[in-house]
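What the coordinates show
What follows is each chain in one-letter form.
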Amino acid sequence: MSSTPETSSPKQKVGFVSLGCPKALVDSERILTQLKLEGYDISPSYDGADVVVVNTCGFIDSAKQESMDAISEAMKENGKVIVTGCMGKGSDAEAIKAANPNVLSISGPADYATVLGAVHDYIPPTIEQKSAAEHNPLIDLVPPQGIKLTPKHYAYLKISEGCNHRCTFCIIPAMRGDLVSRPISEVVDEAKKLVAAGVREILVISQDTSAYGVDVKYKLDFVNGRAHETRMQDLAVALGELGVWVRLHYVYPYPHVDKVIPLMAEGKILPYLDIPFQHASPRILKLMKRPGNQVKVLERIKAWREICPELVIRSTFIVGFPGETEQEFQMLLDWLEEAQLDRVGCFKYSPVEGATANELPDHIPEDIQQQRWERFMETQQKISSARLQARIGQEVEVLIDEVDEQGAIGRCYADAPEIDGKVYLDGFTDTFPGDALLVTITGADEYDLWAEPVYEDEADYEAEQA
């Protein structure tokens, strides 16, 4: 009796759409890493996917609409859709189900188990995948740092989940819960794997980086055999020993932020702080339930720059918050002029379902919001332009992000990917993404810089540094 030779079943394929902030991107990376470890393939198209996962954003109404559109598109193009992320809870989840009754599963942010369970339910792993998971030969197919959705030379490092603040315009705690900090040893181990894989810039993210460790009472942990507390300063010290750019995002201006400024002056971490100040009026800040005395903040910014003159500060603000008077808006413009921040983003206040600010009186008409936004941006553009013009003639290190026939595009320490400016090296193509080059700044506008390389290529630069 002859037997029929066994044939391998094709791997199940998962499509993935990731929307929203870097914190959501990290959630997507973790889900993709686990799927890859279980033997699933990742499909780059709807047609090739057996199921599609959409990781949604629900921060503001425009983001919600983008998420709804992405879900509808996935349903139309594929039909088997698993929804997760910040729109996966409460009334947003109900709206998704109402608009797309045939979605397979809906879950909230960082709910990895539910997403993976839904994938298993609707496209169960093949016999070969199960065997692989049991014997784990796939470990060689997944890099130690996991699957990353960023370019090879930079990566986001999420140090905590959730937030203990209750800002009236924000619903993040309702979506992601209270602060939960990762052990510092685990965070540093992940950073080491990233560096070993070739990452040259680590972007530290969370909902509130300054609050790292508050929930575990700054628990003592060991990193490289040395005791470190679970707090921002100790984490910055440990990451500063890895020999790569370390950039801090989402930093609240608590007093202990002062302690990381000397590390920046010493070159341990990048002299860059991303601090969402949001406003300058004490009354508006109180209505927002935001911490910080902006007069004292100005004093601290001055002190920080005395310690670390290279310090770059980026921030975000909201104009047209309910009840904001013309006098309070002018106070914000005056504060900007004095603070001289390097990078600034501005949003017109927008009601978000579930936010307590919706109940505040005296909402500002759209036309006045628009006028204030334009005046704000005009003020900040002049500040930014002057600060960038002052960089002409300076030598700075840049990381190259893109190279094409027109030249190379990179970023210096003052520029975070996606949100800040760029450094253009027109006509220079003898480089690759991820290279570090020393350049001389030759020109500037309101947001970006132009430069020429000091050395012929990265090898010459590294030889000089050695």
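In this text, all values refer to a predicted model and were calculated from it rather than measured experimentally. (Residues numbered from 1 in each chain as written. Predicted model: local features only at pLDDT ≥ 70, side-chain atom pairs only at ≥ 80, totals over all residues. Heavy atoms only, no water.)

With that settled, consider the overall build of the chain. Helix and strand counts for the chain come out as 14 helices and 20 strands. A globule of 466 residues ought to have a C-alpha radius of gyration of about 23 Å, and the chain, at 24 Å, matches this closely. Taken along its principal axes, the extent of the C-alpha atoms in the chain is 90 × 60 × 50 Å. Taking all 466 residues of the chain together, the buried fraction comes to 52%. Pairs at least 24 residues apart make up 73% of the contacts formed inside the chain by residues separated by at least 6 positions. For the chain, the exposed area adds up to about 21,300 Å²; of that, 52% sits on carbon and sulfur atoms. Positive and negative charge centroids in the chain, built from 45 and 73 side chains respectively, lie 7 Å apart. (Helix = DSSP H or I, 4+ residues; strand = E, 2+ residues; numbered from the N terminus. Rg over C-alpha atoms; globule rule 2.2 N^0.38 Å. Buried < 20%, exposed > 50% of the residue type's maximum accessible area, 1.4 Å probe, protein only. Contact = heavy atoms within 4.5 Å. Areas by Shrake-Rupley, 256 points an atom, 1.4 Å probe, with all protein chains shown as cover. Lys, Arg positive; Asp, Glu negative; His and termini not counted. Charge placed at Lys NZ, Arg CZ, Asp CG, Glu CD.)

Close contact between helix α11 (residues 294-307) and helix α12 (residues 326-339) brings their axes to 10 Å; oriented N to C, the two are set at 15°. With respect to α12, the axis of α11 lies roughly parallel. With respect to the hand of their crossing, α11 and α12 are arranged in right-handed fashion. Of the residues in α12, those touching α11 at Gln 294, Val 297, Leu 298, Ile 301 and Arg 305 are Trp 335, Glu 338 and Ala 339. Taken together, the residues of the contact of α11 with α12 sort by class into five nonpolar, one polar and two charged. (Axes fitted to C-alpha atoms, helices over the stretch in contact; angles between N-to-C directions. Parallel < 35°, antiparallel > 145°, perpendicular 65-115°, else oblique. Left-handed = near helix turned anticlockwise from the far one by under 90°. Nonpolar A, V, L, I, M, F, W, Y, C, P; charged D, E, K, R; others polar.)

Any two packed helices are characterised by how steeply their axes cross, that is the angle between the axes, and by the distance between the axes. Following both chains from N to C, one finds helix α2 (residues 61-77) and helix α3 (residues 90-99) inclined at 35°, their axes separated by 11 Å at the closest point. In this structure, the crossing between α2 and α3 has a hand that is right-handed. Contacts between α2 and α3 involve Lys 64, Met 68 and Ile 71 from the former and Asp 92, Ala 95, Ile 96 and Ala 99 from the latter. Counted by class, the contact of α2 with α3 contains five nonpolar, no polar and two charged residues.

This paragraph deals with helix α7 (residues 184-196). Compared with an ideal rise of 1.5 Å per residue, which puts 13 residues at 18 Å, α7 spans 18 Å between its outermost C-alpha atoms and is within 8% of the ideal. Every buried residue belonging to α7 is among Ile 184, Ser 185, Val 187, Val 188, Glu 190, Ala 191 and Leu 194, and all of these are buried. Residues of α7 that are buried sit in contact with α1 (22-37), β6 (154-158), β9 (201-205), β10 (220-223), β11 (226-229) and α8 (232-239). Once α7 finishes, Gly 198 follows within two positions and takes phi at roughly 105°, a positive value. (Expected span 1.5 Å × (residues − 1).)

Taken together, the side chains of Asp 47, Glu 66, Asp 69, Glu 73 and Glu 77 define an acidic patch exposed on the protein surface. On the basis of relative accessible area, Glu 77 is assigned to the partly exposed category, the value being 41%. (Patch = residues over 30% accessible without salt bridge, like charges linked within 9 Å, V, L, I, M, F, W, Y side chains within 5 Å. Salt bridge = Lys/Arg side-chain N within 4 Å of Asp/Glu carboxyl O.)

In this section: helix α4 (residues 112-122). Three or more residues of α4 are buried, namely Val 115, Leu 116, Ala 118 and Val 119. All buried residues of α4 lie within an arc of 155° about the axis, which places them on one face of the element. Structural note: α4 exposes Ala 113 and Asp 121 on the side pointing more than 90 degrees away from its buried face. Where α4 is buried, its residues touch β1 (13-18), α1, β3 (51-56), β4 (81-85) and β5 (105-106). (Arc of directions from axis to C-beta.)

Before going further, it helps to examine the confidence of the model for the chain. Across the chain, the average pLDDT comes to 89, with 91% of residues at 70 or higher. Here residues 1-8 is modelled with pLDDT under 50, and outside its nearest four sequence neighbours on either side it reaches two contacts, counting other chains as well. Across residues 137-141 the pLDDT falls below 50, and counting only partners more than four positions away or on other chains, this stretch makes seven contacts in the model. (pLDDT = per-residue confidence, 0-100.)

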